[in-house]
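Coordinate analysis (summary)
Below are the chains, spelled out letter by letter.
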Amino acid sequence: MFDTIIIGAGPAGLSAAKILQESQKVLVLDEYFHAGGRLLGQLYEEEKGRWWNGLEIARRLIMETEGKSEIRLSTSVYNVELDDIYTVHTTAGVFKSRSLIIATGAREKSTPLPGWDLPGVMTVGAAQVLTNFSRVKPGNKGVIIGINPLSMVIAMELGYTDIEVAKICLPPKNKINDQTPKDAFETLVSLGNSAPSKFISFGTRVAGRVKPLHPAALKLFPKGGVKAMGLPISIKEKIIRINGTEKVESVTMQKTDSKGRPVGRKREIQCDFVCISDGLAPLSEIGSLLDLRHVYSEPLGGYVPLHSEMMETELPDLYVAGNVTGIENAKVAMYQGQLAAHRILGDEEAAICTLASINNERKNAKVKFHKDLIHGRETVEVMWKEIEKERQMN
Ligand SMILES: Cc1cc2nc3c(=O)[nH]c(=O)nc-3n(C[C@H](O)[C@H](O)[C@H](O)COP(=O)(O)OP(=O)(O)OC[C@H]3O[C@@H](n4cnc5c(N)ncnc54)[C@H](O)[C@@H]3O)c2cc1C
């Protein structure tokens, strides 16, 4: 029997364990063979000369928790039940605890298109882990399909190696993805207010050239794309097919107008790998298994379990932390893990202090996944308060 079980050994889960283990018996479970979650692949320059090295941060967290918390890797949680205490069913047996933290992170979304089942097609996250963690090149010349903060950050990371990124452009329009050149343009401009240093100069340059943002500005965006941060970005071109017999050999591109309608001829670009990125969504299956109420929030990345800003849920002694509560950067995830731990230990002063750090990081974040994120957070908090009021009245 454990005091607390934490599902997920990413930055949120390990940060919670680091605090709880000082006075509690803690078990951390993760289905991957290595602890650290998505930190493992992260590497970029936040400000001139200051690097965010996720692998190093993960190693530090692992060193600080190993031997003090029990960490079980390659262990997948497939069910959780609550009956006075939490019973956690995993591929390595059943474990019980008084408190539970769900820190399962996020999943990548991908847009399907013809040829996406060829060897050499992967998500941007897979390319990130291959390059920065496994030190294996995904290929020599790649194309990235999808323009969003994650794909841009990872394209930049690939650029640090000798991998050539030949094109970054939009996927074809279909039921799953209807991103228009205007949406992509807005994403690029909004990156100017956040994101790593190279984006700041890029975003400022684009915004400066086309201020204020209006349809005419988008029309001026060159059809062949621009080369910014050393990355060939095309918002008025869509990749409509990935070609190859045994593996990826090329992609077929179609030029579009500013509304995303096809114009002109198609062309082919040779490449040996393709990354697809349609953003991230919170991974909250465990919350669903416990019948937690979920809220849909576009700025948070999709359905998130209803929770308070203090990381509580509607169930007793059940907390959430990290990307499962909404897509944000790893620093926020770490603070959220700490906050959940302080709440479990009943340390209100530390909890309030950590909440202030979260809000501060949120405001000044170098990597922001959605421009309306703060609004998304506020909406969930308002709903939580309404439900709290209802509960108190009943
Ligand atoms: C592909 C990808 C790339 C990203 N790149 C960046 C970036 O460059 N910069 C940035 O700031 N943010 C990035 N993020 C956002 C990133 O998720 C956060 O930075 C941070 O890692 C979130 O921490 P977390 O602890 O909430 O989740 P994660 O780091 O995702 O960790 C969650 C852990 O839970 C485990 N898990 C999930 N379900 C189960 C289960 N059922 N049983 C057992 N274990 C389970 C997973 O294996 C994982 O190790 C990226 C996210 C993804 C998905």
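Residues numbered from 1 in each chain as written. Predicted model: local features only at pLDDT ≥ 70, side-chain atom pairs only at ≥ 80, totals over all residues. Heavy atoms only, no water.

Section: the domain arrangement of the protein chain
To keep things clear, this is the line we draw: Boundary definitions for the domains trace back to an automatic or database domain assignment. Contact between two residues is taken to exist if any of their heavy atoms lie within 4.5 Å; hydrogens are not considered. Note on terms: buried area is the combined drop in 1.4 Å-probe accessible area of two parts once they are placed together, counting the loss on both. For this analysis, a salt bridge means a side-chain nitrogen from Lys or Arg found within 4 Å of a carboxyl oxygen belonging to Asp or Glu. We call two N or O atoms a polar contact when they sit within 3.5 Å, provided that within protein one can donate a hydrogen and the other can accept it, with sequence-adjacent residues counted only if both atoms are side-chain atoms. Put simply, DSSP H or I for four residues or longer makes a helix, DSSP E for two residues or longer makes a strand, and each gets a number counted from the N terminus. In this classification, Asp, Glu, Lys and Arg are treated as charged, Ala, Val, Leu, Ile, Met, Phe, Trp, Tyr, Cys and Pro as nonpolar, and every other residue, Gly included, as polar.
What the domain assignment lists for the protein chain is domain 1 (2-107 + 280-393) and domain 2 (111-277). Listed by partner, the interface residues are 21 residues for domain 1 and 17 residues for domain 2. Between domain 1 and domain 2 the total buried area reaches about 1600 Å² when both faces are included, carbon and sulfur atoms providing 64% of it. The interface formed by domain 1 and domain 2 contains 0 salt bridges. Across the contact surface, domain 1 and domain 2 share 3 residue pairs in polar contact (both at pLDDT 80 or more). With 5 residues, strand β3 (residues 43-47) is the single largest residue contributor to the side of domain 1 that touches domain 2. Within the side of domain 1 that touches domain 2, the residues separate by chemical class into 11 nonpolar, 3 polar and 7 charged.

Observations regarding the site of the ligand
So the rule is basically this: Any residue with at least one heavy atom within 4 Å of a molecule or strand is counted as near it. Here the Shrake-Rupley method, with its probe set to 1.4 Å, supplies the accessible areas, and only the displayed protein chains count as covering residues.
In the region of the ligand, 32 residues are neighbours, and Asp30, Arg38, Val77, Asn323 and Ala330 sit closest. Backbone polar atom of Pro11 to an oxygen atom of the ligand: 3.3 Å apart, as the coordinates give it. Contacts to the ligand include Glu31, whose backbone N or O atom sits 3.1 Å from a nitrogen atom. For the ligand, the protein covers 95% of the area, taking 960 Å² as the surface of the free molecule. Where the shell around the ligand is concerned, the elements lending two or more residues are α1 (11-20), α3 (124-132), α4 (149-159) and α9 (330-345). Considering every element that reaches the shell around the ligand, the biggest residue donor is α4, with 3 residues. Split by domain, the residues of the shell around the ligand number at least three in each of domain 1 (2-107 + 280-393) and domain 2 (111-277).

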